[in-house]
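Now for the letters of each chain:
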Amino acid sequence: MTVLRARELGKKYRRKWALTDCTLDVPAGHVTGLVGPNGAGKSTLLNLAAGMLSPTSGTIEACGGVPGSGPAQLAKVGFVAQNTPVYPGLTVADHLRLGARLNPSWDDRVAQDRITRIGLDPKQPAGKLSGGQRAQLALTIGIAKRPELLLLDEPVAALDPLARREFLQDLMETVAEHGLSVVMSSHLVADLERVCDHLIVLVDSQVRITGEVEDLLGAHRRLTGPRREIDSLPAGQEVVSVSHTDRQTTVLVRTEEPILDPAWTVSRLTLEDLVLAYLSGPVPTRPALEVLR
Amino acid sequence: MTWLTWRQFRVPAASVLGAVVLICVVLAITRPELVNSTNVTDQKAFYYGSLFAVYLLPAVIGVFWGVPMVTREVETGTHSLVWNQTVTRKSWLANKMGFGAVAAMIAAGLLSAAVNWWASPIDTLAGLDPASQFEARLAPVVFAARGIAPIGYAAFAFVLGVAIGMLLRRTVAAMAVTLVVFAAVQVAFPLLVRPYLLPATEQTVTITADSIAGIRAEPGPTGDMPESLSMTRPAGAWVLTDETVDAKGDTVFPLPAAVHGCLPSPRGGGPSDLGPVQECFARTLTDLGHRQHQVYQPAGRFWPLQWVETAVFLALSALLAWFCFRRIRHLS
């Protein structure tokens, strides 16, 4: 089952395309990480999925419906926007009341439990909360609404490393408890590595790679060997990136097959290596080599 | 949803309604003095103060209630919080705008009722005596601060504020633009639209010495040259046109040379009796076949005009509201 399906999706702001020809499927029951450099279109994609924006071209479906199309659709999708906005003049308790009044599916026990666990004072105005507390409050509203799909746009950007760890830990527990699907964006792979089991890499407003983290890691290899041209790689090995030092050549390949060439030292990748390799852009077709000494 | 609307709206609502109630109390305290006073001209400060308050209230409502209602959400990003609860944007906007518009109309109705009640002795006097120092209720300066028109203006100003806010998306800029646009409407409407809301009464009368209320003269090469006459206006009426016409019905402006001799010699010194002058004008002009043409809204048109003007502004509000509902889909 897919919770998010985009087909040739595009969004144009005045003259600039923020997202072009984006086709993707996000399976249900996963925590999906949306990675990309600043300005790659992550926020645009999430805003389209939440119905905050409407697409310029193509289609997008969230939980099987057009985003933002009606109360039933709004109930299925939760969205915590970038910078986790809350009403500065309203207290923490007011925010929970807001959630309860505006959502028929509101789970007040979950909301109260979370607020107590995080240690938020219900009487405190939201304008006086720290960045981390604000993010927690916004996330609490998103979770207690009990959506099928929760979209989080850079939820941890404003948090210090410790708060970040706690926030993600807490998110994981909630996901496990309620079985909802999450799509969260970040430009920090380290954050996503801890919680995501599905990944979408967005570069220059286009999807570079998407898939389950396990599969992606399993399908990519780093080959290290004496310096050489890489034209001679066997079919089925797709080059993602190449780098050379004076003596060595390091190639990152995508392949389902085992690496048979004994000249290569084969090693597995971390998620961060993999994402960085894709972020660094398309591979030059024929890397220039210096004359060997 | 109503709870959230009220929770966000209660402070601005209390501020404006508090000010309105304060004005009402001041008027209630000062009214006995007005009723008992023999010379109502003492009350000019309160009279014009209350008039100004009724004109100012819709502007305040538009700027401080209408504009921030949507722009502040967009500026602080909270729209993405509230639009992602199980409430569509349209019902969110309908709730907020409905609440605000009703509150605006209540505030304006309350203030208008209090000011009308306070000023009723003056208005009655001004309506009976055309020579009164105060303008009749139908006069452009007073009309929109009497009766039910302020309710229409308040609803219009509020929706105008919301609409301009949604267009500009910046609170401060939208406040300034709303203020300018609303003031322009307040000035332009009595000049350009109100005279045509209902067909005016026309009459062409013979000029008599008693009916001449004033003579306008311009300094010329050979002393003052009389330009035009004004006639006594019907009590409480709003005069749109007051001109001298010849036998064919064409406007005579300036007055013919024949009446130049009617003006007293400037060397005569001192204010002379106007009686002979008016008689001279009346006789000379009537001999030429000239008559006075008047177009006016009689005093009895006050309430019909009030209803029509209020309806016009409510219709404009509805139009702007329709625009807001179309626009909210594209706001992000």
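Calculation criteria
- Throughout, residues of each chain are indexed from 1 in the direction in which the sequence is written.
- As they are written, the chains are lettered A onward and the ligands numbered 1 onward, keeping that order.
- In keeping with the predicted nature of the model, local features appear solely for residues at pLDDT of at least 70, side-chain atom pairs appear and are counted solely at 80 or more, and the whole-chain, interface and lining totals rest on all residues.
- To get the side-chain values, all heavy atoms of the structure are used, and hydrogens and water are removed first.
- Helix axes are fitted to C-alpha atoms over the stretch in contact, other axes to C-alpha atoms as well, and angles between N-to-C directions run from 0 to 180 degrees.
- Only runs of H or I of at least four residues qualify as helices and only runs of E of at least two qualify as strands under DSSP, and these elements are numbered from the N terminus.
- To sort the angles, those under 35 degrees are grouped as roughly parallel, those over 145 as roughly antiparallel, those from 65 to 115 as roughly perpendicular, and the leftovers as oblique.
- By convention the crossing between two helices is left-handed if the near helix lies anticlockwise of the far one by an angle smaller than a right angle, and right-handed if it lies clockwise.
- Working rule for contacts: check all heavy atoms of both residues, and any pair within 4.5 Å makes them a contact.
- All residues other than Ala, Val, Leu, Ile, Met, Phe, Trp, Tyr, Cys, Pro, Asp, Glu, Lys and Arg, Gly among them, are scored as polar; the first ten of these are nonpolar and the last four charged.
- Following DSSP output, two strands are said to pair if at least two bridges run between them.
- Two joining distances apply to patches: 9 Å for like charges and 5 Å for nonpolar side chains (Val, Leu, Ile, Met, Phe, Trp, Tyr), and every residue must have over 30% relative accessible area and no salt bridge.
- Accessible surface is estimated by sampling points in the Shrake-Rupley manner with a 1.4 Å probe; for residues, cover comes only from the protein chains shown.
- For salt bridges, the criterion is a side-chain nitrogen of Lys or Arg within 4 Å of an Asp or Glu carboxyl oxygen.
- Only four residue types enter the charge count, namely Lys and Arg as positive and Asp and Glu as negative; His and the chain termini do not.
- Think of each charge as sitting on NZ of Lys, CZ of Arg, CG of Asp or CD of Glu.
- Burial classification: accessible surface area is computed with a 1.4 Å probe over protein chains only, and a residue below 20% of its type maximum counts as buried, one above 50% as exposed, and the rest as partly exposed.
- In protein, a polar contact requires one atom able to donate a hydrogen and another able to accept it; more generally it is a pair of N or O atoms within 3.5 Å, and residues adjacent in sequence count only if both atoms are side-chain atoms.
- UniProt positions are given in the numbering used here, feature names are shortened, and annotations may be inferred rather than shown by experiment.
- Each domain span listed reflects an automatic or database assignment of domains.
- In short, buried area is how much 1.4 Å probe accessible area vanishes from two parts on joining, totalled over both.

### Some points on the packing of helix α6 (residues 149-168) of chain B against helix α9 (residues 302-327) of chain B
All names here are of chain B. For the pair α6 and α9, the least separation of the axes is 8 Å and the interaxial angle reads 20 degrees. With respect to α9, the element α6 is oriented roughly parallel. The element α6 and its partner α9 pack so that their crossing is left-handed. The segment α6 lies against α9, with A149, G152, Y153, A155, F156, V159, L160, V162, A163, M166 and L167 engaging Q306, E309, T310, F313, L314, L316, S317, L320, A321, F323, C324 and R327. A breakdown of the residues in the contact of α6 with α9 according to their chemical character gives 17 nonpolar, four polar and two charged.

### Some points on the sheet that holds strand β4 (residues 238-245) of chain B
Residues and elements named next belong to chain B. Read from one edge to the other, the open sheet built from three strands follows the order β1-β5-β4, with strand pairing classed as antiparallel. Edge positions in the sheet fall to β1 (201-205) and β4, since each of these pairs with one other strand and no more. Between one strand and the next, the sheet's axes are offset by a mean angle of 15 degrees, whatever the strand orientation.

### With respect to the side chain of H79 of chain B
With respect to the helices, strands and loops of the structure, H79 of chain B is situated in helix α3 (residues 79-82). Not counting residues within four places of it along the chain, the set of residues in contact with H79 of chain B comprises M52 of chain A together with E73, V74 and S332 of chain B.

### Looking at a negative patch on the surface
Residue and element names in this part refer to chain A. The grouping of D197, E212, E214, D215, E256 and E257 at the surface amounts to a negative patch. Position of E212 among the secondary structure elements: in strand β9 (residues 206-212). Relative accessible area serves as the criterion here: at 30%, E212 is assigned to the partly exposed category.

### Here we look at the side chain of D153 of chain A
Residue and element names in this part refer to chain A. Secondary-structure assignment places D153 in strand β6 (residues 149-153). Buried and without a salt bridge, D153 has K42 as its closest oppositely charged side chain, separated by 6.9 Å. A distance of 2.7 Å separates a polar atom in the side chain of D153 from a polar atom in the side chain of S43. Not counting residues up to four positions away in its chain, the partners in contact with D153 are S43, L46, N47, F79, V80, A81, Q82 and S185.

### Looking at the UniProt feature "domain: ABC transporter" (unreviewed entry) in chain A
In this structure's numbering, the residues bearing the UniProt feature "domain: ABC transporter" (unreviewed entry) are residues 4-229 of chain A. Note that residues 4-229 of chain A is 36% helix and 30% strand, and that its end C-alpha atoms are spaced 41 Å apart.

### What about the domain arrangement of chain B?
All names here are of chain B. Assigned domains of chain B: these are domain 1 (2-199 + 300-330) and domain 2 (201-299). Each of domain 1 and domain 2 has a C-alpha centre, and the two are 41 Å apart. Taken together, the contacts link 15 residues of domain 1 with nine residues of domain 2. Taken as a group, P130, L138 and R301 account for 40% of the area that domain 1 buries against domain 2, more than any other trio of residues on that side. Seen at the junction of domain 1 and domain 2, the total is zero salt bridges. Elements represented by at least two residues in the side of domain 1 that touches domain 2 include exactly α4 (89-128) and α9.

### Considering helix α1 (residues 42-50) of chain A
For α1 of chain A, the tally of buried residues reaches eight of nine residues, placing the bulk of the element in the interior. G51 of chain A, located one to two residues past α1 of chain A, shows a positive phi value of around 85 degrees.

### What to know about the interface of chain B and chain A
Counting residues at the interface gives 22 residues for chain B, matched by 26 residues for chain A. For the pair chain B and chain A, the two sides together bury roughly 2,300 Å², of which 63% comes from carbon and sulfur. The largest share of the area that chain B buries against chain A comes from W3, N84 and T86 of chain B, three residues that together contribute 33% of it. Remark: the boundary between chain B and chain A carries one salt bridge. With a closest N to O distance of 3.0 Å, D94 of chain A and R7 of chain B form a salt bridge.

### Topic: a nonpolar patch on the surface
Residue and element names in this part refer to chain B. On the surface, a nonpolar cluster with roughly 350 Å² of combined accessible area is contributed by V21, V25, I29 and L110. No other element matches helix α1 (residues 2-36), which puts three residues into the nonpolar patch. With respect to the helices and strands, L110 occurs in helix α4.

### Remarks on the UniProt feature "transmembrane region" (unreviewed entry) in chain B
Residue and element names in this part refer to chain B. Mapped onto the present numbering, the UniProt feature "transmembrane region" (unreviewed entry) falls on residues 12-30, 45-67, 99-119, 139-165, 172-193 and 305-325. Split by type, residues 45-67 is 100% helix and 0% strand. Its first and last C-alpha atoms lie 31 Å apart. Structurally, residues 139-165 is divided into 78% helix and 0% strand, and its ends, taken at the C-alpha atoms, are 33 Å apart.

### Overview of the domain arrangement of chain A
Residues and elements named next belong to chain A. Domain boundaries in chain A define domain 1 (2-215) and domain 2 (219-279). The centre of domain 1, based on its C-alpha atoms, is set 35 Å off from the matching centre of domain 2. Contacts between the two partners involve 14 residues from domain 1, matched on the other side by nine residues from domain 2. Across the domain 1 to domain 2 interface the summed buried area is about 1,000 Å²; carbon plus sulfur atoms make up 73%. Area buried by domain 1 at its contact with domain 2 is led by V189, E193 and I209, which between them contribute 42% of it. At the boundary of domain 1 and domain 2, one finds zero salt bridges. Elements represented by at least two residues in the side of domain 1 that touches domain 2 include exactly α7 (189-195), β8 (198-203), β9 and α8 (213-218). A per-element tally of the side of domain 1 that touches domain 2 places β8 first, with four residues.

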